[in-house]
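Take a look at the letters that make up each chain.
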Amino acid sequence: MVASKRSVVSCFFLVLLLAEANAQGLKVGFYSKTCPQVEGIVKKVVFAAMKKAPTLGAPLLRMFFHDCFVRGCDGSILLDSSNNQAEKNAVPNLSLRGFGIIDDSKAALEKVCPGIVSCSDILALIARDAVVAFEGPTWEVETGRRDGRVSNINEVNLPSPFDNITKLITDFSTKGLNEKDLVVLSGGHTIGMGHCPLMSNRLYNFTGRGDSDPSLDSEYASNLRKKCKPADTTTALEMDPGSFKTFDVSYFKLVAKRRGLFQSDAALLDNSKTRGYVLQQARGSTFFHDFGVSMVKMGRNGVLTGRAGEIRKTCRVRN
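Model, not experiment: these values are computed from the prediction.

## Looking at the domain arrangement of the chain
Domains assigned within the chain are domain 1 (37-158) and domain 2 (165-299). Facing 18 residues of domain 1, the contacting portion of domain 2 comprises 18 residues. On the domain 1 side of the contact with domain 2, Phe69, Phe134 and Trp139 bury the most area, a combined 35% of that side's loss. Put simply, domain 1 and domain 2 have 0 salt bridges between them. Our count for the contact surface shared by domain 1 and domain 2 stands at 3 residue pairs in polar contact (both at pLDDT 80 or more).

Structure, rendered in structure tokens:
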């Protein structure tokens, strides 16, 4: 048993070391000589699309997160499957939108720099630009990723809006992300929408006895019940009421008041480190800087560099 545990620990650290070695192939300005226009081209596509459909910002940010948490940041979330068995077909990914923005960015880049820029790098750039379009922070995106060739629905095991703090910390730690990264990246919930089915248990049957979640502010819970009836499967809810179209710190102010929409939001108050950060940001913010740092850190997870993977010609299919 001891030997078995040691081998598991050894394998875990080996995975981290390999991930770190691959991440060393990333750098800001990777395409400075081969495709210097890359960031301007992607930004133009993103801003034009979001001008027409502003609600695409949150799904685009979430798409990068979902990509990095399965097989690493390799663009596997973008691949189509003839039998609906790719990552994008998994239940947590069915609400993702904005794949056409990746397609349009890739098409524009292929006209200028054919076969140079990976789809995984395009997704990383789009996530940043989507946040900027919501008046959020900017950061320097490391590039140099290559695209994966595998996308498997059975490998999708993402952090859930129903998770408690222990599960969240464990899931993030397996990706080399700590408690601060967890709470910082949760701040991405400042934009976007949730839906009633993700709240139903918190409002109507939290412990199976027809009760509500005691960690939820009672006035907020009452307002949510007016919007979400028990059988409601369609109504959308602002994740950051009154500010869901602006990337700001109001999310942390709401969580501090026990008005986080999901159980995973409320769970941030159940750990001293994550709770401390929530309360700190509710008073005065380093959030914009921290978000960029954690996004870069997450973007190094499980990347393919050098000769690994490929540079797809079309983001939805392997070469």
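## Side note on the packing of helix H6 (residues 165-173) against helix H7 (residues 179-186)
Two measures define how a pair of helices packs: the angle their axes make with one another and the distance between the axes. Contact geometry for H6 and H7: axes closest at 9 Å, N-to-C directions at 105°. Relative to H7, the element H6 is oriented roughly perpendicular. Facing Ile165, Leu168, Ile169 and Phe172 of H6, the residues of H7 in contact are Glu179, Asp181, Leu182 and Leu185. Residue composition of the contact of H6 with H7, grouped by class: 6 nonpolar, no polar and 2 charged.

## Digging into the UniProt feature "active site" (unreviewed entry) in the chain
Here, the residues flagged by UniProt with the feature "active site" (unreviewed entry) are His66. Relative to the assigned elements, His66 resides in helix H3 (residues 57-68). A residue is classified by how much of its surface remains accessible, and His66, at 7% relative accessible area, is buried. In contact with His66, other than residues within four places in its own chain, are Pro92, Asn93, Leu96 and Leu158.

## So, unusual backbone geometry
Although it is not a glycine, Arg71 adopts a positive phi angle of roughly 65°. With respect to the helices, strands and loops of the structure, Arg71 is situated in the loop between H3 and helix H4 (99-112). Looking at Arg71, the relative accessible area reads 39%, which means it is partly exposed. For Asn84, which is not a glycine, the phi torsion comes out positive at approximately 60°. Inspection of the secondary structure puts Asn84 in the loop between H3 and H4.

## Observations concerning the UniProt feature "binding site: Ca(2+) 1" (unreviewed entry) in the chain
UniProt marks Asp67, Val70, Gly72, Asp74, Ser76 and Glu87 with the feature "binding site: Ca(2+) 1" (unreviewed entry), using the numbering shown here. For the annotated residues, spread through 21 residues, the largest C-alpha to C-alpha distance comes to 12.3 Å, consistent with a single compact locus. Note on placement: Asp67 falls in helix H3. Among all residues touching Asp67, those that are not within four sequence positions of it are Gly72, Cys73, Asp74, Gly75, Ser76, Ile77 and Leu123. Relative accessible area serves as the criterion here: at 3%, Val70 is assigned to the buried category.

## Overview of the state of the cysteines
One pass over the structure, following the stated rule, counts 4 disulfides. One disulfide bridge connects Cys119 with Cys315, the sulfur atoms lying 2.1 Å from each other. A torsion of -95° about the S-S bond marks the disulfide between Cys119 and Cys315 as left-handed. With Cys119 in helix H5 (residues 119-133) and Cys315 in the segment after helix H13 (287-298), the pair connects residues that are 196 residues apart, well separated along the chain.

## A short note on the side chain of Asp290
Relative to the helices and strands, Asp290 resides in helix H13. Looking at Asp290, its side chain comes within polar contact range of the side chain of Thr286, at 2.7 Å. Discounting residues that sit within four places of it in the chain, Asp290 has contacts with Lys180, Val184, Tyr277 and Gln281.

## A look at the pattern of salt bridges
Taken as a whole, this structure holds 16 salt bridges when the rule is applied. Residue Arg202 is joined to Asp213 by a salt bridge in which the shortest nitrogen-to-oxygen separation is 2.9 Å. Of this pair, Arg202 sits in helix H8 (residues 200-204) while Asp213 sits in the loop between H8 and helix H9 (218-227), and the two are 11 residues apart along the sequence. A single burial state applies to Arg202 and to Asp213, both of which are buried. Between Arg259 and Asp217 there is a salt bridge; the shortest N-O distance is 3.1 Å. On the criterion of sequence distance, the pair formed by Arg259 in the loop between helix H10 (250-256) and helix H11 (263-266) and Asp217 in the loop between H8 and H9 is long-range, its members being 42 residues apart. On the basis of relative accessible area, Arg259 is assigned to the partly exposed category, the value being 23%. Classification of Asp217 as buried rests on a relative accessible area of 14%. A single salt-bridge network, built from bridges that share partners, covers Asp80, Lys88, Asp103 and Arg316.

Cut-offs used in this document
Residues numbered from 1 in each chain as written. Predicted model: local features only at pLDDT ≥ 70, side-chain atom pairs only at ≥ 80, totals over all residues. Heavy atoms only, no water. Domains from an automatic or database assignment. Contact = heavy atoms within 4.5 Å. Buried area = accessible area lost by both parts, 1.4 Å probe. Salt bridge = Lys/Arg side-chain N within 4 Å of Asp/Glu carboxyl O. Polar contact = N/O pair within 3.5 Å; in protein donor to acceptor, adjacent residues only side chain to side chain. Axes fitted to C-alpha atoms, helices over the stretch in contact; angles between N-to-C directions. Helix = DSSP H or I, 4+ residues; strand = E, 2+ residues; numbered from the N terminus. Parallel < 35°, antiparallel > 145°, perpendicular 65-115°, else oblique. Nonpolar A, V, L, I, M, F, W, Y, C, P; charged D, E, K, R; others polar. UniProt positions renumbered as here; feature names shortened; annotations may be inferred. Buried < 20%, exposed > 50% of the residue type's maximum accessible area, 1.4 Å probe, protein only. Disulfide = S-S within 2.5 Å.

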